[in-house]
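# Structural description and commentary
Single-letter residue listing:
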Amino acid sequence: METFLNILIKAHSGWRWVVLILLVAALVKLFMGMRKGATYTAGDKKIGTFAMIAFHIQWTIGLVLYFFPGSKVQIVEGFMKNSMLRFYALEHIVAMTIAFILITIGHSKAKKTTEDKKKFKTQFTFYFIAFIIIMLSIPWPFRQALGGHWF
């Protein structure tokens with residue numbers, strides 16, 4: 001059971017790089033399209049879709065970890081006083097769920113919009129806000145109290 005937990009933790013930690021790379025690529029492509037007044041192409045749709053799917057996979061692995069016995073999530077008496085326990089049990093999951101919802105809404109709204117410039121702007125706005133939330137909610141190694149790792 002502990003081996004499976006370690007595999008899930010490593011997968012969740014490593015997959016974040018795929019998510020971040022795809023989100024940055026999508027944001028750059030959307031920003032450039034928004035600035036140039038370009039046509040929203042199949043490539044624009046694909047990079048946004050791939051970023052959304054990658055984040056959905058990441059969120060699902062995280063949700064499995066959240067309920068997995070022996071994970072860092074421990075809702076025990078006084079967990080709100082411990083910054084690491086509070087982060088994993090409450091702050092991380094809430095922030096990532098908000099990012100999950102924003103990315104999904106942004107993708108859906110862009111798909112329904114007919115005007116190209118509005119597609120770029122709508123998707124960029126939702127993805128950018130989600131990206132900021134994600135970056136603030138990752139347990140980076142320089143946040144020592146959270147016990148984060150690069151991989």
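The coordinates are above.
Rules of the game
Residues numbered from 1 in each chain as written. Predicted model: local features only at pLDDT ≥ 70, side-chain atom pairs only at ≥ 80, totals over all residues. Heavy atoms only, no water. Core = buried A, V, L, I, M, F, W, Y, C linked by side-chain atoms within 4.5 Å. Buried < 20%, exposed > 50% of the residue type's maximum accessible area, 1.4 Å probe, protein only. Contact = heavy atoms within 4.5 Å. Helix = DSSP H or I, 4+ residues; strand = E, 2+ residues; numbered from the N terminus. Polar contact = N/O pair within 3.5 Å; in protein donor to acceptor, adjacent residues only side chain to side chain. Patch = residues over 30% accessible without salt bridge, like charges linked within 9 Å, V, L, I, M, F, W, Y side chains within 5 Å. Areas by Shrake-Rupley, 256 points an atom, 1.4 Å probe, with all protein chains shown as cover. Salt bridge = Lys/Arg side-chain N within 4 Å of Asp/Glu carboxyl O. Lys, Arg positive; Asp, Glu negative; His and termini not counted. Charge placed at Lys NZ, Arg CZ, Asp CG, Glu CD. Axes fitted to C-alpha atoms, helices over the stretch in contact; angles between N-to-C directions. Parallel < 35°, antiparallel > 145°, perpendicular 65-115°, else oblique. Left-handed = near helix turned anticlockwise from the far one by under 90°. Nonpolar A, V, L, I, M, F, W, Y, C, P; charged D, E, K, R; others polar. Expected span 1.5 Å × (residues − 1).

## Some words on the nonpolar core
In terms of nonpolar packing, the biggest core is built from 32 residues, with Leu23, Phe55, Ile103, Tyr127 and Ile134 touching the most fellow members. Isoleucine 103 has contacts with Leu23, Met52, Phe55, Tyr127, Ala130 and Ile134, leaving out every residue within four places of it along the chain. Leu5, Leu8, Ile61 and Phe68 belong to the second-largest nonpolar core, a separate cluster that totals five residues.

## Re the side chain of aspartate 44
The residue aspartate 44 is located in helix 2 (residues 42-67) in this model. In this structure the side chain of aspartate 44 is engaged in a polar contact, spanning 3.2 Å, whose partner is the side chain of lysine 29. Those residues within four positions of aspartate 44 in sequence are excluded, and the remaining contacts are Lys29, Thr39 and Phe120.

## A closer look at a positive patch on the surface
A surface patch of positive charge is lined by Lys45, Lys109, Lys111, Lys112 and Lys118. Here the element with the most residues in the positive patch is helix 3 (residues 83-112); it accounts for three residues. Locating lysine 109 in the fold gives a position in helix 3. Here lysine 109 falls in the partly exposed class, since its relative accessible area comes to 42%.

## Topic: the environment of isoleucine 21
Topologically, isoleucine 21 is positioned in helix 1 (residues 2-36). With relative accessibility at 59%, the residue isoleucine 21 sits in the exposed group. Residues isoleucine 21 and leucine 136, spaced 115 residues apart in sequence, show a C-alpha to C-alpha distance of 16 Å.

## Details of the packing of helix 2 against helix 3
The N-to-C vectors of helix 2 and helix 3 enclose an angle of 155 degrees; their axes lie 10 Å apart at closest approach. Here helix 2 lies roughly antiparallel to helix 3, going by the angle between them. As for how helix 2 packs across helix 3, the hand of that crossing is left-handed. Only Tyr88, Ala89, Ile93, Met96, Thr97, Ala99, Phe100, Ile103, Thr104 and His107 of helix 3 make contact with helix 2, whose side of the interface consists of Lys45, Gly48, Thr49, Met52, Phe55, His56, Trp59, Leu63 and Tyr66. Here the residues of the contact of helix 2 with helix 3 sort into 12 nonpolar, six polar and one charged.

## Digging into the environment of leucine 90
Following the sequence through the fold, leucine 90 ends up in helix 3. On the basis of relative accessibility, which here comes to 34%, the residue leucine 90 falls in the partly exposed class. A sequence separation of 11 residues divides leucine 90 from phenylalanine 79, and the C-alpha atoms of the two residues are 9.7 Å apart.

## Some thoughts on helix 4 (residues 116-137)
With 22 residues, helix 4 should cover 32 Å at 1.5 Å per step; its first-to-last C-alpha distance of 31 Å lies within 8% of that length. Listing the buried residues of helix 4 in full gives Lys119, Phe120, Thr122, Gln123, Phe124, Phe126, Tyr127, Ala130, Phe131, Ile133, Ile134 and Ser137. Buried positions along helix 4 lie against helix 1, helix 2 and helix 3.

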